[in-house]
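Each chain, letter by letter, is given below.
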Amino acid sequence: MKQLGLMGGTFDPIHLGHLRAAEEARVHFNLARVIFVPAGNPPHKNGVITPAAVRLEMTQAAIMNSGHFAVSDFEMQSPGKSYTVNTLEYFRSIYGAEWEIFFITGADAILEILTWHDVQRLMTMCKFIAVARPGYAQGGLQREIAKFPGEIQEKVLLLEVPGLHISSTEIRDKVKVGAAIDQFVPKKVEEIIKHYNLYKTQ
């Protein structure tokens, strides 16, 4: 059976931490490919979000030199809220039963998984790779996941990934005050941020 990785997120902007997490997950779990799925209308996000087309452009630019990564605009083309269960149904219909699907997400998101839309059905369609900084996955995160119902615990796989101190919020804050971000995002993403004058007033 082949393994497919899906990495969802707002990607506002996508950064080197996202790419590092995807690559570590790909290697560790022997994923044939990882598809980035930028959210169209994320249900857990409040406030101003960069237009979908621009976030898609940044994501495509970030992975353009990787033969193992791809980008899907499925959630952006779908009306209404971007629920992960709908995304999984779509990719399951495309790839079929011969592929095992792994959904890659961060520690903060996995701790909220019980609030995700139709979580019981979601658990029948994939396993989750929860990426966390070294020391946290096998400590605090593992203790919190142990509080989940057993059928959810067994679907969550932990992966410690160095360099996860980067956050999209921090990058937006740096852009707002004119600080350098070249150590946090790919060069092409930085160029897009400058081109559209993103995050200056957020």
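Heads up: the structure comes first, above all this text.
Residues numbered from 1 in each chain as written. Predicted model: local features only at pLDDT ≥ 70, side-chain atom pairs only at ≥ 80, totals over all residues. Heavy atoms only, no water.

S.K.: Explain the sheet that holds strand 1 (residues 2–9) here, please?
M.R.: Sheets are built from strands that pair by backbone hydrogen bonding, the pairs being arranged parallel or antiparallel. Within the open sheet, the six strands sit side by side as 3-2-1-4-5-6. Their pairing is parallel. The open sheet has two free edges, formed respectively by strand 3 (69–71) and strand 6 (156–160), since each of these has just one partner strand. Here the average twist between neighbouring strands, direction ignored, is 30°. By the bridge criterion, three bridges tie strand 2 (residues 33–38) to strand 3 in an arrangement that is parallel. Its bridge partner being in strand 3, V34 is matched across the sheet by F69. The strands touched by helix 4 (residues 84–95) are strand 1, strand 2 and strand 4 (99–106); relative to strand 4, the strand with the most contacts, the crossing angle is about 150°. (Pairing = 2+ DSSP bridges. Helix = DSSP H or I, 4+ residues; strand = E, 2+ residues; numbered from the N terminus. Axes fitted to C-alpha atoms, helices over the stretch in contact; angles between N-to-C directions. Contact = heavy atoms within 4.5 Å.)

S.K.: Whenever I open this one, the packing of aromatic side chains confuses me. Can you help?
M.R.: Centre-to-centre distance and the angle between the planes together describe a pair of aromatic rings. Applying the stated criterion across every chain yields a total of 10 aromatic pairs. Relative to F128, the ring of F103 has its centre 5.9 Å away and its plane inclined at 65°; by these criteria the two rings are edge-to-face. With a gap of 25 residues between them, F103 in strand 4 and F128 in strand 5 (residues 127–132) connect regions that are remote in the sequence. F103 gets classed as buried once you look at its relative accessible area, which sits at 5%. Joined through ring pairs, the aromatic side chains of F74, Y90, F91, Y95 and W99 make up one cluster. (Phe/Tyr/Trp six-rings, centres within 6.5 Å; stacked < 30°, edge-to-face > 60°. Buried < 20%, exposed > 50% of the residue type's maximum accessible area, 1.4 Å probe, protein only.)

Just distances and angles here, no functional claims.
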